[in-house]
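So you can see what is in the structure, the chains are spelled out below.
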Amino acid sequence: ATAAVAARRAPLDADALVEAVRHRSHEQFYAGPLAEYCSSIAISSWEGLWCRYEGESAEQIALRGWAPGYRLASWRLALADLGVADDALAAELAERFGVERRARHHTYADARPGLAALRATGVPMGLLTNGSSCLQREKLEASGLGDLFDVIVVAGDRGIRKPDPDAFLHVASLLGADPAQTVMIGDNPVSDIEGALSAGMRPIWCDRDGARLPAHLADVHRITTMDELLAATVGFRRPS
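Every value quoted in this text rests on a predicted model; they were computed, and no experiment measured them.

About the thresholds
- Per chain, the residues get numbers from 1 upward, laid out in the order the sequence is written.
- Local features in a predicted model are, by the rule used here, given only for residues with pLDDT of at least 70; side-chain atom pairs are given and counted only at 80 or more, and totals for whole chains, interfaces and linings are based on all residues.
- Excluding hydrogens and water, the side-chain figures rest on all heavy atoms present in the structure.
- Each helix corresponds to a stretch of at least 4 residues labelled H or I by DSSP, and each strand to a stretch of at least 2 residues labelled E; elements are numbered beginning at the N terminus.
- For the area figures, the Shrake-Rupley method with a 1.4 Å probe applies, and any residue is considered shielded solely by the protein chains shown.
- Positive residues here are Lys and Arg, negative ones are Asp and Glu, while His and the chain termini are left out of the count.
- Note that the charge is assigned to NZ on lysines, CZ on arginines, CG on aspartates and CD on glutamates.
- Being paired, for any two strands, means DSSP has found at least two bridges between them.
- Helix axes are fitted to C-alpha atoms over the stretch in contact, other axes to C-alpha atoms as well, and angles between N-to-C directions run from 0 to 180 degrees.
- Any residue under 20% of the maximum accessible area for its type is buried, any over 50% is exposed, and the rest in between are partly exposed; the area is computed with a 1.4 Å probe on protein chains only.
- If the strands point away from the viewer and the path from the first strand over the helix to the second runs clockwise, then the crossover is right-handed.
- In the analysis that follows, any N or O atom pair within 3.5 Å is treated as a polar contact, provided that within protein one partner can donate a hydrogen and the other can accept it, and provided that, for residues neighboring in sequence, both atoms belong to side chains.
- A contact between two residues is defined here by any heavy atoms of the two lying within 4.5 Å.
- The term salt bridge refers to a side-chain nitrogen of Lys or Arg lying within 4 Å of a carboxyl oxygen of Asp or Glu.

S.K.: When you look at the overall build of the protein chain in this model, what are you seeing that I'm missing?
M.R.: Looking only at helices and strands, the protein chain has twelve helices and five strands in total. On the principal axes, the C-alpha backbone points of the protein chain span a range of 65 × 35 × 35 Å. Approximately 12100 Å² of the protein chain is accessible, and the part contributed by carbon and sulfur atoms is 52%. Charge separation in the protein chain, taken as the distance between the mean sites of 25 positive and 32 negative side-chain charges, equals 3 Å.

Here it is in structure tokens:
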């Protein structure tokens, strides 16, 4: 939507602008002074274009001050790549992108029913996600799923990201759960599936796209929608 606005204001192709800003934002982000910190908690350059960095750690405060210039430069350079020199338009797009992105949160229709069915069995449930704490919690609030979890841990809270087994073990500890009797449901083969295995948990892979796991993960239980979640966890739930 942001690129479409630009295309109405300047002689450029909206799809080409999307690709250009992806490239330029990635380039600027990982040349920035806090690239190592951002990598350590898995903040992506694309998220950097709209994250508010509301935490009070030294890193978040520094990012909060650095981000406006990063966003402006990303859009200005992307426009320039397409032959458009317009700093006012770049500033408008840098501001508009966050607004447009926040208006487009998407939650899978099967997410709440699937999680709620598991929640109804009485098992403790936690959520572990990478990224900046403020942005991930903002996404969770927009999803309407936050009330289903007893514990929510974001990589930015502790500076430890998936697939580090300590991140998984921390959530299990907060839940009072034995890792060996804990199920981890995720969609990323590395950060979720391998991370859970490294922490001694049973992973369940939510594969919505018909992808294939690497050979060494071929035995991992696979579901294609969250509607299958309740059945997939039978045997790991204590009798109610």
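Picking up after the structure, the text goes on.
S.K.: Is there a simple way to think about the sheet that holds strand β3 (residues 183-186) in this case?
M.R.: The strands making up a sheet associate through hydrogen bonds between their backbones, and the pairing can be parallel or antiparallel. The strand order across the open sheet built from three strands is β3-β4-β5, with neighbouring strands paired in parallel fashion. Two strands in the sheet have a free side with no partner beyond their single neighbour: β3 and β5 (221-223). If you compare each strand with its neighbour and ignore which way they point, the axes differ by 25 degrees on average. Note: β3 against strand β4 (residues 202-206), four bridges, orientation parallel. Residue pairing for β4: Val183 is matched across the bridge by Arg202.

S.K.: Explain the pairing of β4 here, please?
M.R.: Both faces of the sheet carry side chains from a regular strand, because those side chains alternate between them. Most of β4 sits out of view: five of its five residues are buried. Covered by surrounding structure in β4 are Arg202, Ile204 and Cys206 together with Pro203 and Trp205, the residues of both alternating faces. Since β3 and β4 lie parallel, the crossover through helix α11 (residues 189-198) that links them has a hand, and here it is right-handed. Where β4 and β5 come together, three bridges link them in parallel fashion. Paired with Trp205 across the bridge in β5 is Arg222.

S.K.: What should I look at first to understand the side chain of Gln136 in this one?
M.R.: For Gln136, the location among the structural elements is in helix α8 (residues 133-143). A distance of 2.9 Å separates a polar atom in the side chain of Gln136 from a polar atom in the side chain of Thr129. The contact partners of Gln136, leaving out residues within four places of it in the chain, are Glu47, Thr129, Asn130, Gly131 and Val154.

S.K.: Any chance you could explain the environment of Asn130 here in plain terms?
M.R.: For Asn130, the location among the structural elements is in the loop between β1 (126-129) and α8. Counting along the chain gives 24 residues from Asn130 to Val154, while the straight-line C-alpha distance between them is 5.6 Å. Among all residues touching Asn130, those that are not within four sequence positions of it are Ile41, Ala42, Gln136, Val154, Ala155, Arg161, Lys162 and Ser191. Looking at Asn130, its side chain comes within polar contact range of the main-chain nitrogen of Lys162, at 2.7 Å.

S.K.: For this particular structure, what's the right way to read the pattern of salt bridges?
M.R.: Close approach of charged atoms allows side chains of opposite charge to pair. As enumerated under the stated definition, the model contains 15 salt bridges in all. Across the pair Glu27 and Arg24 runs a salt bridge, and its minimum N-O distance is 2.7 Å. Of this pair, Glu27 and Arg24 are both found in helix α2 (residues 14-29), three residues apart, which corresponds to roughly one turn of the helix. You can call Arg24 buried: its relative accessible area is 19%. As a salt-bridge pair, Arg104 and Glu100 come within 2.5 Å of each other at their nearest N and O atoms.

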